[in-house]
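Examination of the molecular architecture
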Amino acid sequence: RADLAGYVSLKHEKGALHYAPGNVFDLGFNAEFDVVLITEVIEHVAHPDEFLKKVKRLVKPGGCIVMTTPNGAYFLNRLPKFSECSDPSQFESAQFKPNSDGHIFLLYAEEIEALARAAGLIVEETQFFVNFLTRGRIKTELLLKFLPRRVVNGIETCTAAAGGRLFCKLNMQILTVLRSV
């Protein structure tokens, strides 16, 4: 979004940064970037498969895409799996809406891997983070007022590092690093 350009520049610390607001389906760049950052975007798109293919075209060979998205495997997720949707075009009129009410699909790690492969990308790393306790969900916000920050950070670190099916369900977010081949 062009209106966020000032905010993005506030976060810039060093190195060359090119900010190109707009719809990735309309941008005219081809393999120009070493890294493309797509945070909290793919869940707002009716065709995440086509979205990743378009984003891949922005990255130089060997370059990376760093993506964050809400975790579809999170135990309170009620949205459909993209892989189980026979006609994603039914969601086109609802795509690109901001905030959580604009989420169409919350992707699962295995879906991200399949979408990446289909787009010609390699999953280099997947991390789960932000669990329900440390985010203050399901009435835990009261508990957060009394727990020391180091305890909260320790819980976050343990659930993010533990891995496995249970811990995947406890974490609300996924970070994935994809490499263009």
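Just so we're clear, the structure is a prediction, and the values are computed from it rather than from any experiment.

Tallying secondary structure elements over the chain gives seven helices and four strands in all. Ordered by position in the sequence, the α and β elements of the chain form the string α-β-α-β-α-β-α-α-α-α-β. The globule rule puts the C-alpha radius of gyration for 181 residues at 16 Å, and the 17 Å found for the chain is close to it. Once the C-alpha set of the chain is aligned to its principal axes, its extents read approximately 50 × 45 × 30 Å. When contacts within the chain are restricted to residue pairs at least 6 apart in sequence, those whose partners lie at least 24 apart make up 79%. Measuring between centres, the 21 positive side-chain charges of the chain sit 6 Å from its 20 negative side-chain charges.

This brings us to the confidence of the model for the chain. In the predicted model, the chain carries a mean pLDDT of 87, and 95% of its residues have values of at least 70. Across the chain, the element-wise mean pLDDT spans from 72 in helix 4 (residues 132-135) up to 97 in helix 3 (residues 109-119).

As a further point, take helix 2 (residues 48-56). Buried residues of helix 2: P48, F51, L52 and V55, and no others. Along the axis of helix 2, the buried positions cluster into a sector of 95 degrees, meaning they face one direction only. Its buried side turned inward, helix 2 meets strand 1 (33-39), strand 2 (59-70), helix 3, strand 3 (121-131) and strand 4 (171-180).

The subject of this paragraph is the side chain of E43. Within the secondary structure, E43 is located in the loop between strand 1 and helix 2. When sequence neighbours within four positions are dropped, the list of residues in contact with E43 reads T68, T69, P70, G102, H103, I104, F105 and L106.

The rules we used
Residues numbered from 1 in each chain as written. Predicted model: local features only at pLDDT ≥ 70, side-chain atom pairs only at ≥ 80, totals over all residues. Heavy atoms only, no water. Helix = DSSP H or I, 4+ residues; strand = E, 2+ residues; numbered from the N terminus. Rg over C-alpha atoms; globule rule 2.2 N^0.38 Å. Contact = heavy atoms within 4.5 Å. Lys, Arg positive; Asp, Glu negative; His and termini not counted. Charge placed at Lys NZ, Arg CZ, Asp CG, Glu CD. pLDDT = per-residue confidence, 0-100. Buried < 20%, exposed > 50% of the residue type's maximum accessible area, 1.4 Å probe, protein only. Arc of directions from axis to C-beta.

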